[in-house]
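Chain by chain, the residues run as shown.
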Amino acid sequence: MKKIPLFLVLVLGVVSLYAGGSSEKPAAPAGGSAFADEIVIGEVADAKYIDPWESLGSREIRYTNLVYDNLLLTSWDGSGFIPSLATSWEVSADGLTYTFKLKPNIRFSNGDPATEADWQFSFYRARDCQTSNALSRASMINTVSMPDPQTLVVKITEPTPPFLSYLTSYNLVLASKKHFDTVGEEQFKFQPMGTGPYVLKEWRMNERAIFEANSYYHNANQGLPKTKRIRYETVSDDNTCFIQLQAGVLDIVIGMPLPMAAQLASQPNIQGLSFVSTQMRHMEINVTKPPLDNIKVREALRYLTDKREIANIVAFGQAEPSASSIPSAHGAFLNKNIKDPPVDINKAKALLAEAGYSNGVKLTISISGSAQVYVDIATILKSQWAKGGVDLTIEPLESGALTDKFQSLGHQITLLQWTDGGSDPASLLGFICDYSESMNWYTGLNNREIAALYEQSKHELNVDKRVALVHQIQEIVWNQHCIIPLFTAKYLYGANKKVHDIDVSTGNRLNVEYLYKDR
């Protein structure tokens, strides 16, 4: 049967998607009479696009996870890997060949079968897309082939111990080459097509995005996903999220401020759920502009920052201060010898004087104005730093404006977060060490020693030697005082009590397959 073309309708900023596809009868639709058809999820700030190869922010990645699939995923407790499109895998003795057994009959959301050309397109684009924020996770890919319909072989150019972890990343997913060629590169960012549990049906930028269950999903024969429709609502701020959750307008709120835990617990119809986290809050200091190009000024800020006070106030004690830039969840890779010095105002003043700022210094911190956690952290920092002669101006920005600012190194200081979804620190190290990825986590550091150690660590097969290299990296980063971790706290979700099976990974990935709501 002739395929129906895909049409894009743009009316008043509304993106509506109508996709034709295979004439083969799709699997039974998701859900059942016992479940509500729709779950509404609220979050502050919308995505800018849905592009597996350029996605950066948490909302971009959430949307990507709905539409696309990986070969394998990080297990929900973060300890290893679980199958997704692949049912099993083997690694050759020399570490250069990865062979995956695939699920049978993998199809895109329009019914087209996934082919070798799709796998090659997806992985080669991840490797070659120079604007990718995760380029280092695919740069070692050499060839991708399918010797038979249920076998995928990925050959890499050099041994890369964390490659399986890389394969769980949002940029190494399966996308439709035919669809990409049809709609073009720019429209593909707003008309994604993958094999994931949901299909994007409508997107009103900065208002809502509606995803409907994919009838061709590879787990559809198990009645998954359980919910027919997921609707994401963009909400102006955390307080509005709470009010709308309380009123039943929203069913789930992602990333609620920890101070709201008590409010959630006091409500009869909603609940607060906390999950083990790899999420770190931290400061990125731009070393390319005065006065922060002077390392003594940056070091002074470390002596003025009371992380314990910040954690206690912002997270109500439900957080632990972090000294190193590697989350403790990575076990042996964490350099436990790195310790923060005690707060020392006199030491900070002395460092500022040595840098030529004996009368103090003026700085600006650029933050997301819609996220209360960053407003609170910045307010506390302003108070703490004032004791040492630092006059801190807080610049609240809309999410997109903030991203544009730090991506162009237009900021002095910003507050960001890292959530590590993999079981290996390699992806995080790419952000810290690889200037081409993120300008050394938007600090502009461009340190050759760090880059060289990172390259070594990517290819070192001896675990102990690799751990030692990662420890060295952490020491150098700490001594540069350009990335100052603040704390690691649990994820807090607010939810209607009618919503069940809310499962969140250590990397803050919501398990949408099993999510359902009582009618």
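Model, not experiment: these values are computed from the prediction.

## Some points on the overall build of the protein
Inference 1: Broken down by element type, the protein carries 16 helices and 23 strands.
Inference 2: Taking 519 residues into account, the globule formula puts the C-alpha radius of gyration at 24 Å, and the protein, at 23 Å, falls close to it.
Inference 3: Dimensions of the protein along its principal axes, counting C-alpha atoms only, are 80 × 60 × 40 Å.
Inference 4: When burial is assessed residue by residue, the protein has 56% of its 519 residues classed as buried.
Inference 5: Restricting to contacts in the protein with at least 6 residues of sequence separation, those with at least 24 account for 70%.
Inference 6: For the protein, the exposed surface amounts to about 20600 Å²; the carbon and sulfur share of it is 51%.
Inference 7: Each charge class in the protein can be summarised by its mean position, and for the 48 positive and 55 negative side chains these summaries are 2 Å apart.

## Here's the deal with empty space enclosed by the protein
Inference 1: Applying the stated criterion across every chain yields a total of two cavities of 30 Å³ or more.
Inference 2: Estimates place the volume of the second largest cavity at around 40 Å³.
Inference 3: Forming the boundary of the second largest cavity are Arg302, Ala323, Ser324, Ser325, Ile338, Gln474, Val477, Trp478, Ile483 and Pro485.
Inference 4: Those elements giving two or more residues to the lining of the second largest cavity turn out to be helix 16 (463-480) and strand 20 (483-489).
Inference 5: Among the elements that line the lining of the second largest cavity, the one with the most residues is helix 16, at three residues.
Inference 6: Partitioning the lining of the second largest cavity into residue classes produces six nonpolar, three polar and one charged.

## Considerations on the sheet that holds strand 16 (residues 319-321)
Pairing between the strands of a sheet comes from backbone hydrogen bonds, and it takes one of two forms, parallel or antiparallel.
Inference 1: Sheet architecture is open: six strands sit in the order 16-20-15-19-17-18, paired in mixed fashion. Whereas interior strands pair on both sides, the edge strands pair on one side only; in this sheet they are strand 16 and strand 18 (390-397). Pairwise comparison of adjacent strand axes, ignoring direction, gives a mean angle of 25° for this sheet.
Inference 2: Pairing geometry for strand 15 (residues 280-285) and strand 20, over five bridges, is antiparallel. Bridge pairing links Met283 to Ile484 in strand 20.
Inference 3: Taken strand by strand, helix 14 (residues 435-442) contacts strand 15, strand 19 (413-418) and strand 20, and its axis lies near 95° from that of strand 15.

## Focus: helix 6 (residues 238-246)
Inference 1: Regarding helix 6, the residues found buried are Asp238, Cys241, Phe242 and Leu245. Each buried residue of helix 6 sits inside an arc of 95° when the element is viewed along its axis, so together they form one side.
Inference 2: Between the side-chain oxygen of the N-cap and the backbone nitrogen of Asn239 there are 3.2 Å, and the N-cap of helix 6 in question is Asp237.
Inference 3: In the stretch just after helix 6, Gly248 is the one whose phi turns positive, near 85°.

## Section: the confidence of the model for the protein
Inference 1: For the protein, per-residue confidence averages 90 on the pLDDT scale, and residues scoring 70 or more make up 93% of the total.
Inference 2: Note on residues 1-25: pLDDT is under 50 here. Beyond four places in sequence and across chains, it has 56 contacts.

## A look at the sheet that holds strand 6 (residues 86-91)
Inference 1: Taking strand neighbours across the sheet as the criterion, the four strands line up as 6-7-9-8 in an open arrangement whose pairing is antiparallel. Each end of this open sheet is capped by a strand with a single partner; those strands are strand 6 and strand 8 (141-148). Between one strand and the next, the sheet's axes are offset by a mean angle of 20°, whatever the strand orientation.
Inference 2: Direction of pairing for strand 7 (residues 97-102) relative to strand 9 (residues 151-156): antiparallel, over a ladder of five bridges. What sits directly across from Lys101, in strand 9, is Thr151.

## A look at the packing of helix 13 (residues 426-433) against helix 15 (residues 448-459)
Inference 1: Look at helix 13 against helix 15: their axes get within 10 Å of each other, and the N-to-C directions meet at 160°. It follows that helix 13 is roughly antiparallel to helix 15 by the angle criterion. Remark: the crossing between helix 13 and helix 15 carries left-handed chirality. Residues Ala426, Leu429, Gly430 and Cys433 of helix 13 form the contact with helix 15, whose own contacting residues are Ile450, Ala451, Tyr454 and Ser457.
Inference 2: Tallied by class, residues from the contact of helix 13 with helix 15 come to six nonpolar, two polar and no charged.

Cut-offs and rules
Residues numbered from 1 in each chain as written. Predicted model: local features only at pLDDT ≥ 70, side-chain atom pairs only at ≥ 80, totals over all residues. Heavy atoms only, no water. Helix = DSSP H or I, 4+ residues; strand = E, 2+ residues; numbered from the N terminus. Rg over C-alpha atoms; globule rule 2.2 N^0.38 Å. Buried < 20%, exposed > 50% of the residue type's maximum accessible area, 1.4 Å probe, protein only. Contact = heavy atoms within 4.5 Å. Areas by Shrake-Rupley, 256 points an atom, 1.4 Å probe, with all protein chains shown as cover. Lys, Arg positive; Asp, Glu negative; His and termini not counted. Charge placed at Lys NZ, Arg CZ, Asp CG, Glu CD. 1 Å grid on protein atoms, 1.4 Å probe; cavity = no way out; pocket = protein on both sides within 12 Å on 5 of 7 lines; lining within 4 Å. Points joined across faces, edges and corners; volume = space filled by probe spheres on them. Nonpolar A, V, L, I, M, F, W, Y, C, P; charged D, E, K, R; others polar. Pairing = 2+ DSSP bridges. Axes fitted to C-alpha atoms, helices over the stretch in contact; angles between N-to-C directions. Arc of directions from axis to C-beta. Polar contact = N/O pair within 3.5 Å; in protein donor to acceptor, adjacent residues only side chain to side chain. pLDDT = per-residue confidence, 0-100. Parallel < 35°, antiparallel > 145°, perpendicular 65-115°, else oblique. Left-handed = near helix turned anticlockwise from the far one by under 90°.

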